[in-house]
Structures are given as C-alpha cells and as structure tokens.
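For reference, the chains in residue letters:
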Amino acid sequence: MFGPVGGQDERVAAAAERVSAPPSGALLIIQIPCFNEEETLPVTLADLPREVAGFDRVEWLVIDDGSSDRTVEVARACGVDHIVSHPVNRGLAAAFTTGLEAALRAGADVVVNTDADNQYVAACIPDLVAPVVDGRADLVIGERPIESIEEFSAVKKRLQRIGSWVVRVFSHSDVRDAASGFRAFSREAALHVQLHGRYSYTMETIVQAGWEGLRIATVPVRVNPATRPSRLVRSLPSYMFRSAQTIVRSFVLYKPFRFFFGVGALPIALGMLLVVRWVVLSWVVQQHGTRVPSLVAAAVLLLLGFQIWIFGVVADLLSANRRILSELRVAMRRRTLAPSGPPAAGHADGLGGLDGLDDLDDLDGV
Ligand SMILES: Nc1nc2c(ncn2[C@@H]2O[C@H](COP(=O)(O)OP(=O)(O)O)[C@@H](O)[C@H]2O)c(=O)[nH]1
Ligand SMILES: [Mg+2]
C-alpha cells in the first residue's frame, strides 16, 4: 500500500496485499480520546515522544468528547498538534473513530491510540509500532501485564481473560489483552475501522480486523500506577453487561450463520428428543395413549429451530452484502480521507490515482 505508485493493476494488487510499511517522510500520529481529562492529560502528554524510529514526524491528536472542563485549553497549552471536538459527549467509540478519521486526513501513516490517564507507558510506543513499521502487522495490540496489575480485582482479571479468549476465537488471532486501549494501526487498518457499539472500541476493532483479513500482532507493554479510577469500568456488573453485549453483537455481525445455527440447535435438539421419546413409547414399548401434548411441543420446537436456522441463512446473505459494502466504504474513505494536497511520492495508499466513482469498478478483489 505504501510502495511506489505503478499502473492501476499494481495499485489494486498493492491494496489487496495490504503491505503496511511506512514510506519515507512517514508521519506517526498519537491520538488520545478525552472526556474531562484536564487533570491527567498534562502528565500523559509530558511522557509522549516527539521522535520515534521509522518516522520523520510524530504529531499528537486530542479528541475532546464534549468535555465541560479545560481539556481543550490544557491540550493547546501542552503543544498538541491537532484537536478535534465533539459538541456533546458521544462516547468513547465515537471519539475513537473521529480521531482515526482526523489522523488519516492529516496524513498519518500509522496511528497510535493511548489513554488520557497516563495508564500506558509511552516509552513502549516504539515497540508498539515496530510490527507496522516492519510491514508485519496492520494492527498491534499492547498487552498489559494484567496478572500483576494491583488495581484490577480477581474478577476483573478473570473477565479480561474470558473476553480476550472470545475475541481470539472470533478474530483468529492470538490477542491476549483484547481490552487494551494502547494500540497501533497502520493507515490501512485505520481505514477499515467501523464501529457499531458506542461504549468502547477495544474488542470490536479486533474482531472486525480479523473479519477483514488484516494482520493482528501483540506486543507486551508496561503500565503506570493508576492516576484515577477507571471511567469506563464504573462497576463490575455494568462492565459485564456491556462486554456481553459487545460479544453477542460481534457474534451476530461477524459470525451470523454460526450464531443462529447455535441458537436454533437448542430447540431442534429438544424437539428431536420429544420425537424420539414418542417413537420409543408408542412403537417400541407400545404404551397406550396418543401423547398429543408432547407431539405438539415437539412440532413447535422443531418449527422454531428451523425458523432460527433460516434467519441464519438470511443473516449470512446479508453479511456477504455487508462485506461488499465494507470494501466500497474503504475505497471511498481512501479518497475522502486522503490528506489534503497532492500525495507525497511513495505515499500512495494503493488507489490514490482513481478518478470518479467509475473507478470503483476496478476494485474487484481489493
Ligand atoms: N470520548 C470519550 N472518552 C472517554 C469516555 N470515558 C472515558 N473516556 C476516555 O477513554 C480513555 C479510557 O478511559 P479510562 O477511564 O482510562 O478507562 P480504562 O482504561 O478502560 O479503565 C481515556 O482517555 C478517557 O478520557 C467518554 O465518555 N467519551
Ligand atoms: Mg485507562
């Protein structure tokens, strides 16, 4: 994707391969979603690097999600290069997406996301971006040493383990810390991000990246002692509820056939059991009685199960359509989020030279 621009075929092939090594003149943007972070933002920014190996420029981006405190003034005073604001609080997932779009528009080749509470050790950023710089990964997740984090309760640690396991299964990756907000995105991976949930982006981005066939890597990172209680995990029950919601939504969105097949299998199995019982009692044991209620229950359960399986087929067809829409969306975003001004030499994102919507015909196989 970042290689020299050749003919159209080469451009399309390059996009399909998703080679993500940054070009010369590369720009790294470090983004921080913020909701009322005037107190901890200066500490976080003080640790952020201005130079990272593999990049010519490192810029900072703050997304102010409708803060009512002095977050924006503090960011400006600390020398943040880009500040984007939501007029009202729209939630972390929306702020994260706004940040990625602003970073892409500003010409970022790689985007690092971190928290405003200085949770993650910024000195780990070179390690975090290395797999993208080397062209080995599109998305890199910073793995915290969860077991040794004192602020995390035993239940939270267990939930994190379960959540990460589910995400690993869905994304076919080896991500160990799916809830980590410390991560690096290649430009290509950032172009693909599309979130349905409002609460957080962490799990959904990984599942989606797996679905899109992007390469996901994990690197160990360090964390600082907590500066304040978590804003996102206000109570364990609400965290559990929201995580379960995200997992179910991911299942329905990205593995619809398996989801509906699994749900439908339960009534079908129960219905079959009742049918077998009826056959055994009526024909093998030859007990008297018609056992109509159990036959009716069996019919209802079987009908219900088959109906759910049909939903699965329909959802699977919709998912095939969604894949096409997603490819078109990425192609459009390549154009609309291209940095203003002529693209720098060697900075092609694979489709930079396409003119007009007719050129979308050329995207087969992207
Ligand atoms: N945009 C936005 N960001 C939020 C919101 N709540 C928390 N954040 C930001 O999300 C990041 C993670 O929040 P944090 O409390 O550290 O959550 P944790 O790391 O999951 O415990 C921080 O940079 C917060 O400023 C919100 O409602 N909207
Ligand atoms: Mg945090």
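From a predicted model like this one, the values you see are computed outputs, not experimental measurements.

Novice: How would you summarise the pairing of strand β6 (residues 183-186) if you had to cite specific residues and measurements?
Specialist: Burial along β6 is two-sided: R183 and F185 and A184 and S186, pointing in opposite directions, are all buried. Examined bridge by bridge, strand β4 (residues 110-113) and β6 share 4 bridges and lie antiparallel to one another. From the neighbouring strand, V112 faces β6, where its bridge partner is A184. With 3 bridges joining them, strand β5 (residues 139-143) and β6 adopt antiparallel strand pairing. Bridged to L139 within β6 is F185.

Novice: Give a detailed account of the packing of helix α6 (residues 154-171) against helix α8 (residues 202-211), specifying residues and quantitative values.
Specialist: Axis separation between α6 and α8 bottoms out at 8 Å; the angle between their running directions is 20°. Relative to α8, α6 is oriented roughly parallel. Judged by the sense of rotation from one axis to the other, the crossing of α6 with α8 is right-handed. Contact with α6, carried on its side by G163, V167, F170 and S171, involves M203, I206, V207, A209 and G210 of α8 and no other residues of that element. Looking at the contact of α6 with α8, its residues break down into 6 nonpolar, 3 polar and no charged.

Novice: Lay out the sheet that holds β5 in plain terms, naming residues and giving numbers.
Specialist: Ordered in space as β3-β2-β1-β4-β6-β5-β7, the 7 strands form an open sheet in which the pairing is mixed. Strands at the two margins of the open sheet, each flanked by one partner only, are β3 (82-86) and β7 (216-220). Ignoring which end each strand starts from, the neighbouring axes of this sheet average 20° apart. Here strand β1 (residues 27-34) pairs with strand β2 (residues 57-65) via 8 bridges, running parallel. Note on β2: the bridge partner recorded for L28 is V58.

Novice: Which residues make up the site of ligand 1, and what values go with them?
Specialist: As a matter of local geometry, ligand 1 sits amid 19 residues, with D65, A95, A116, S230 and R231 nearest to it. Looking at the shell around ligand 1, the element that brings in the most residues is β1, giving 3 residues.

Novice: Tell me about the nonpolar core, residues and numbers included.
Specialist: Counting 68 residues, the largest nonpolar core has L28 and V129 as the members making the most contacts within it. Ranked by residues supplied to this core, first place goes to helix α4 (residues 92-105) with 8 residues. Non-local contacts of V129, meaning those with residues more than four positions away in its chain, are made with L28, V52, G54, V110, V112 and A184.

The rules behind each value
- Residues numbered from 1 in each chain as written.
- Chains lettered and ligands numbered in written order.
- Predicted model: local features only at pLDDT ≥ 70, side-chain atom pairs only at ≥ 80, totals over all residues.
- Buried ≥ 20, exposed ≤ 12 C-beta atoms within 10 Å, placed from the backbone.
- Helix = DSSP H or I, 4+ residues; strand = E, 2+ residues; numbered from the N terminus.
- Pairing = 2+ DSSP bridges.
- Axes fitted to C-alpha atoms, helices over the stretch in contact; angles between N-to-C directions.
- Parallel < 35°, antiparallel > 145°, perpendicular 65-115°, else oblique.
- Left-handed = near helix turned anticlockwise from the far one by under 90°.
- Contact = placed C-beta atoms within 7 Å.
- Nonpolar A, V, L, I, M, F, W, Y, C, P; charged D, E, K, R; others polar.
- Near = placed C-beta within 6 Å.
- Core = buried A, V, L, I, M, F, W, Y, C linked by C-beta atoms within 7 Å.

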